[in-house]
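Coordinate inspection notes
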Amino acid sequence: MQPARISGGSAIDRGKPLGFRFDGRHYEGYAGDTLASALIANGVRLVGRSFKYHRPRGILSAGAEEPNALVELRDGARREPNTRATVAELFDGLDARSQNRWPSLSFDLLSLASPFASLMQAGFYYKTFMWPASFWERLYEPLIRRAAGLGRAAGAEDPDHYEKVYAFCDVLVIGGGPAGLAAALAAGRSGARVILCNDDFRFGGRLLSERREIDGRPGIEWVAAAEAELSAMPGVRLMRRTTVFGMYDHGTFGAVERVADHLAAPPPHVPRQRVWRIAARRAILASGAIERPMVFGNNDRPGAMLAGAVRSYLNRFAAAPGRNVVIATSCDDGWRTAADLLAAGLNVAAIVDSRPGIPGGASILARDVRVICGEIAAARGSRHVSAVDVVDTSGRSETIACDLLAMSNGWDPAIHLASHLSDRPVWDGSRQIFVPGDLPPHLSVAGAAAGNLTLAQALADGARFGAGAAIECGFSAAAGETPGTDPEVAVGTPLWRSASSRGKAFVDFQNDVTTADIALAHQEGFRSVEHLKRYTTLGMATDQGKTSNVPGLAIMAELRGKAIPDVGTTVFRPPYTPVAIGALAGHHRGKDFRPARFAPSHAWSKEQGAVFVETGQWLRAQYYPREGERDWLETVTREVRTVRGAVGVCDVSTLGKIDIQGDDAAAFLDRVYANTFSTLAVGKARYGLMLREDGFVMDDGTTSRLGDNHFVMTTTTANAGKVMQHLEFCHQALWPSLDVQMASVSEQWAQFSVAGPRARDTLRKVVDRQHDLSNEAFPFLAARAITVGGGITARLFRISFSGELAYELAVPASFGDAAARAIMRAGEEFGIAPYGTEAIGVMRIEKGHVAGNELNGQTTAYDLGLERMVSAKKDFIGRVMAARPALRDPERPRFVGFRPLDRRQRLTAGAHFIPIGAAATADNDEGYMTSVAVSPTLGHSIGLGLLRRGPERIGERVRAVDPVRGRDIEVEICSPVFVDPQEEKLRV
């Protein structure tokens, strides 16, 4: 069943076989396998096609750096494209498919484009699709869009959910290899709070893949002991399957935990993934290193694999990527792969070392392994490596048969996170690697991530930095004695590209960037690293250039005759590895992205048959249709007439409510409002106008004074959050010395407007009898604490948005539903009816009140006819800027009302005002209609708008031109107050 499975394997459980499918064919693996290791164990070599040329590709690596083995996992709504098979944990029933091929992986028609690769060199898309221009939309763009991308999105709503979580610690350790484990042990033993994040599902890092010893015992035994000790520490959190993908300001890190990716589907109430925002006082980056491939002809063939990955599949997964192996190396590390291959009973056909002379490795030489000082010129084979062409230092060429080519060209420290705050890496010429440059004060880098590539260095670094981080956090710690390791050397001289290369030599495997592409970029002047990347797409694939960036820089440096750092250095950006958008969003998608907030009377409104509408974040009753009513207009007309003639009730709980208290509360309000509130008497309310710093109107509303140092502010529904943010900024940044506190209480109070001639009679049945609601005792703009329902705390405000006798009754939100029902029962004998936002809008237009359509961020108090509210006796936010001459220009559009000359015609919002007889052009535009309504009180359409010199032109006529709807209506300019201009009704 698994022809390439061998004995051993430190991570797999042969007692737990797992069935899976790849491209529709059934295979078996074991618990502990990745999809890549299981495919290798089953002899599967071809796993994908490259992006541009659709060349056959096999598995290159064993980790997150994998550029080739990208597959689709699962099916249906859970289909996930571009998943790296090397990190996809095998589970029973896993269904995977190859990508970027048609009709099949083995026979891909688009691979026929490969012979025409010379037409698709770097930058071809800049040059090819320019002529003829008419072809762009009809031919070029559709073809490009069809060819773009690799995998397929699911095309259905994701059935899983995701979470976002915060965590805080003293020391964050990133990486669960030997350096990370040593750091976590040293910090954890001090009593510090430690979080250890490991992107693998097992701790140990390279120790899982190597036959190494620590203190005379196998390295994996030391890992098990370290993990057990850490698990027993109460202050240590071990996080498997967790990748730290970004480092941000002030010691904040982003991490994604793959909670259920190793399962066919998440269990009930378990998220698929969880994003962590980790705040750490100190952090240690122990992310290890990434092996470099070699660059020679056909180095992309399936069967060409990184030598370190070969050891991973042999030692960790007991899977043999090949039986007859050639090793191409430029460092001692390749010889370690030869030793492990021989220990596994596999044949090493040759070691091709690009360094002059024969290096160490006597134990391997004793096994009569052939050693060639030279380089690989090309790999042979159509769909899989079958042989390699080797050129030795004397220039002699020969072909060696093999089914696996293991490449070892040194290791690059995985320093990506260390440069996320724009700290550029530094080139270390002696070791031929990039190492971290300037680091933030809270970050240390240990082990291979710092360029210290031996196991002994990793353990020493981890222990030293772990203890140091704990000490910096105020704990007592010691690095302790570093455990002993078996002898090891890490010496090499990288071969950036083979001088004898024959055929296409790939630098970026996923994007098909070759050495010829880099040479062309050099020839055409795209020589800096940033230009090189964008012109060739080098390092811009899903792997973010983990295996290609440094070789690409080195080749460009060679072409330019300069040192590598002179070409430039790549600055890495988050995320380190791809992160699902669903994980970043967490629960914030669909209705959870913008959840509907229900008013306290929502259930009662549903019983009344309400039609709801979203207003800001709230779901409010728009109108309440009754049987026999033909349309919404008939319903709204009835509701308005009920309020004007009897009494109506409306839930206005959605208005922003901010409780403001403190000795300086009145002074604070004077500074944020354009009008004065320090003179407001206790028990009274006042309309307030709030300006932005630039002098334009931000919001309006009423503020009531319930005590000497206690105010309650109301805002519009849409601006509640913005006003609260503004007030907090003013207090914290502008006037922190003021004694004032504020809290948003919008959700704590249910508030109902009871309006109409019988409003007082209705409320007398709801408000407790000891409270006198007569006009003399509770006049217009009164605001007081009262009780209802036999002692329930409440507040009553006599304010009106409709222009009728009206009150707003506020009760604790938990009593909101009961209050709505009680008000309806109390007003039943007076013909009470609920009314919604449409009726509110009609009545406020009839009364000439401004609302969101007029408070659009572009109007001033002068524009809205509210300039008399702007105090000249005090300073306030926006005062200076509001006095700019341009904002007081008489030619500005100002607030007025409109009625059609032909009363049968309907006005439309958005119509532009054009002088009679003038052409309907932008040059003749004098303003626009902001709000319109069909007035049940007047019996015809009315409107509000902003018109140039509007108040001076009352009685004139203009045209309201709506080119979108094809209307051109002659209207009369009038006062914006259509109903009860003397305000007699609301004061009775």
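That block above? That's the structure.
The sections below set out a description of the structure shown in this document. All values reported here derive from a predicted model rather than from experimental measurement. (Residues numbered from 1 in each chain as written. Predicted model: local features only at pLDDT ≥ 70, side-chain atom pairs only at ≥ 80, totals over all residues. Heavy atoms only, no water.)

**Overview of the pattern of salt bridges**
Defined as follows: When a carboxyl oxygen of Asp or Glu is within 4 Å of a side-chain nitrogen of Lys or Arg, the pair counts as a salt bridge. Here a strand is any run of E in DSSP of at least two residues, a helix any run of H or I of at least four, and the numbering for each starts at the N terminus. A 1.4 Å probe rolled over the protein chains alone gives each residue an accessible area, and that area as a share of the maximum for its type sets the label: buried under 20%, exposed over 50%, partly exposed in between.
Applying the stated rule across the entire model yields 69 salt bridges. Across the pair Asp659 and Arg795 runs a salt bridge, and its minimum N-O distance is 3.8 Å. With Asp659 in strand β34 (residues 656-661) and Arg795 in strand β41 (residues 792-797), this residue pair connects regions lying 136 residues apart in the sequence. As far as burial versus exposure is concerned, Asp659 and Arg795 are alike and both buried. Several salt bridges share partner residues, and in doing so they unite Arg206, Glu210, Arg212, Arg311, Asp333, Arg336, Asp486 and Glu488 into one network.

**Side note on the side chain of Arg84**
Selection rule: Residues scored as positive are Lys and Arg, those scored as negative are Asp and Glu, and His as well as the terminal groups of each chain are ignored. Pairs of residues are marked as contacts when any of their non-hydrogen atoms sit within 4.5 Å.
With respect to the helices and strands, the residue Arg84 is situated in strand β6 (residues 80-84). Within the buried core, Arg84 has no salt-bridge partner, and the shortest N-O distance to an opposite charge, that of Asp199, equals 6.9 Å. If we ignore the near neighbours within four places in the chain, the residues touching Arg84 are Ala64, Glu66, Ala69, Leu70, Thr577 and Pro578.

**A short note on the sheet that holds strand β19 (residues 347-353)**
Which entries qualify depends on this criterion: The rule for pairing is simple: two strands pair if DSSP sees at least two bridges between them. All axes here are fitted lines through C-alpha atoms, helices being fitted over the stretch that makes contact, and every angle between N-to-C directions spans 0 to 180 degrees.
What the 7 strands build is an open sheet, ordered β17-β23-β18-β19-β20-β21-β22; its pairing is mixed. Looking along the sheet, the strands with just one partner apiece sit at the ends: β17 (304-306) and β22 (397-401). Between one strand and the next, the sheet's axes are offset by a mean angle of 35°, whatever the strand orientation. Pairing analysis gives 6 bridges linking strand β18 (residues 324-329) to β19, with the strands arranged parallel. When the bridges of β19 are listed, Val326 appears paired with Ala350. Packed onto the sheet, helix α6 (residues 307-316) meets β17 and β23 (404-408) and runs at close to 85° relative to β17. The strands that helix α7 (residues 333-343) touches are β18, β19, β20 (371-380) and β23; relative to β18, the one it contacts most, it runs at about 165°.

**Considering the packing of aromatic side chains**
Our working definition: Stacked, tilted and edge-to-face pairs are distinguished by plane angle, under 30 degrees for stacked and over 60 for edge-to-face with tilted covering the rest, among Phe, Tyr and Trp rings (Trp via its six-membered ring) whose centres lie within 6.5 Å. By definition here, charges over rings are those cases where NZ of Lys or CZ of Arg is within 6 Å of the ring centre and within 35 degrees of the ring normal.
Under the definition given, this model contains 9 aromatic pairs. Arranged with centres 4.0 Å apart and planes meeting at 10°, the rings of Phe526 and Tyr535 form a pair that is stacked. Taking the centre distance of 6.1 Å and the plane angle of 85° together, the rings of Phe668 and Trp735 count as edge-to-face. One end of the pair, Phe668, is in helix α17 (residues 665-672); the other, Trp735, is in the loop between α18 (720-734) and β38 (741-744), with 67 residues separating them in the sequence. With a relative accessible area of 17%, Trp735 lands in the buried category. If you follow Arg57 out to its NZ or CZ, it ends over the ring of Phe506, 5.0 Å from the centre. Against the face of Trp735 rests Arg671, its NZ or CZ located 5.2 Å from the ring centre.

**Notes on helix α20 (residues 816-827)**
For clarity, the threshold we go by: The length a helix should cover is 1.5 Å for every residue beyond the first. Arc definition: it is the arc formed by the directions from the helix axis to the C-beta atoms.
A rise of 1.5 Å per residue sets the reference length of α20, with its 12 residues, at 16 Å; its end C-alpha atoms lie 17 Å apart and thus fit the reference within 8%. Among the residues of α20, Gly816, Ala819, Ala820, Ile823, Met824, Ala826 and Gly827 are the ones counted as buried. An end-on view of α20 places all buried positions within 165° of arc, on one side of the element. On its buried face, α20 sits against α15 (602-607), β33 (648-651), β39 (749-755), α19 (759-764), β42 (806-812) and β43 (833-834).

**Considerations on the side chain of Glu257**
Looking at the element boundaries, Glu257 is found in strand β14 (residues 252-257). Overall, Glu257 belongs to the buried group, its relative accessible area being 16%. Sequence-distant contacts of Glu257, defined by excluding residues within four places in its chain, comprise Met239, Arg240, Arg241, Thr242, Arg272, Gln273, Arg274 and Trp276.

**Some points on the sheet that holds β43**
Strand order in the open sheet formed by 6 strands is β40-β41-β42-β39-β33-β43, and the pairing between neighbours is mixed. Since the sheet does not close on itself, it has two edges, and those belong to β40 (783-788) and β43, each with one partner. Sheet topology places β41 next to β42; 3 bridges connect them, and they run antiparallel. Note that in β42 the partner of Arg795 across the bridge is Ala810. α20 rests against β33, β39, β42 and β43 of the sheet, and its axis sits at about 15° to β39.

**Quick word on the environment of Glu634**
Inclusion rule: Here a polar contact is taken to be a pair of N or O atoms separated by no more than 3.5 Å, where protein atoms must pair a possible hydrogen donor with a possible acceptor and residues adjacent in sequence count only if both atoms sit in side chains.
Here Glu634 lies in helix α16 (residues 632-645). Assessed through its relative accessible area of 28%, Glu634 is described here as partly exposed. A C-alpha to C-alpha distance of 75 Å links Glu634 and Ala519, two positions 115 residues apart in sequence. Those residues in contact with Glu634 that lie beyond four places of it in its chain are Gly628 and Glu629. For Glu634, the side chain forms a polar contact with the side chain of Arg630, separated by 3.0 Å.

**Thoughts on the nonpolar core**
We apply this condition: By convention a nonpolar core is built from buried Ala, Val, Leu, Ile, Met, Phe, Trp, Tyr and Cys residues, the set being connected through side-chain atoms within 4.5 Å.
Ranked by size, the top nonpolar core spans 72 residues in total, and within it Phe22, Leu35, Ile376 and Val388 carry the most contacts. Of all hydrophobic cores here, the second largest spans 34 residues; its members include Val697, Ala839, Met869 and Leu944.

**Re a nonpolar patch on the surface**
Quick note on the threshold: A patch consists of residues whose relative accessible area exceeds 30% and which take part in no salt bridge; residues with like charges are grouped when within 9 Å of each other, and nonpolar side chains (Val, Leu, Ile, Met, Phe, Trp, Tyr) when within 5 Å. Per-residue accessibility takes into account occlusion by the displayed protein chains alone, with areas from the Shrake-Rupley method and a 1.4 Å probe.
The grouping of Trp102, Phe107, Leu109 and Leu112 at the surface amounts to a nonpolar patch, some 450 Å² of accessible area in total. Judged by relative accessible area, Leu109 falls into the partly exposed class, the value being 33%.

**Side note on the packing of helix α4 (residues 178-188) against helix α5 (residues 219-231)**
Put simply, the rule is: Handedness of a crossing follows from how the near helix is turned relative to the far one, being left-handed for an anticlockwise turn of less than a right angle and right-handed for a clockwise one.
Two elements in contact, α4 and α5, have axes separated by 10 Å at closest approach and are oriented at 35°. Seen along the crossing, α4 lies across α5 with a hand that is left-handed. Residues Pro178, Leu181, Ala182, Ala184 and Leu185 of α4 touch α5, and the partners they reach there are Trp222, Val223, Ala226, Glu229 and Leu230.

**Re the environment of Gly63**
Following the sequence through the fold, Gly63 ends up in the loop between β4 (56-57) and β5 (70-73). Spatially, the C-alpha atom of Gly63 lies 15 Å from that of Arg258, the residues being 195 residues apart in sequence. With residues up to four places along the chain from it excluded, the contact list for Gly63 reads Thr86 and Val87.

Don't take any of this as a statement about function, it's just geometry.
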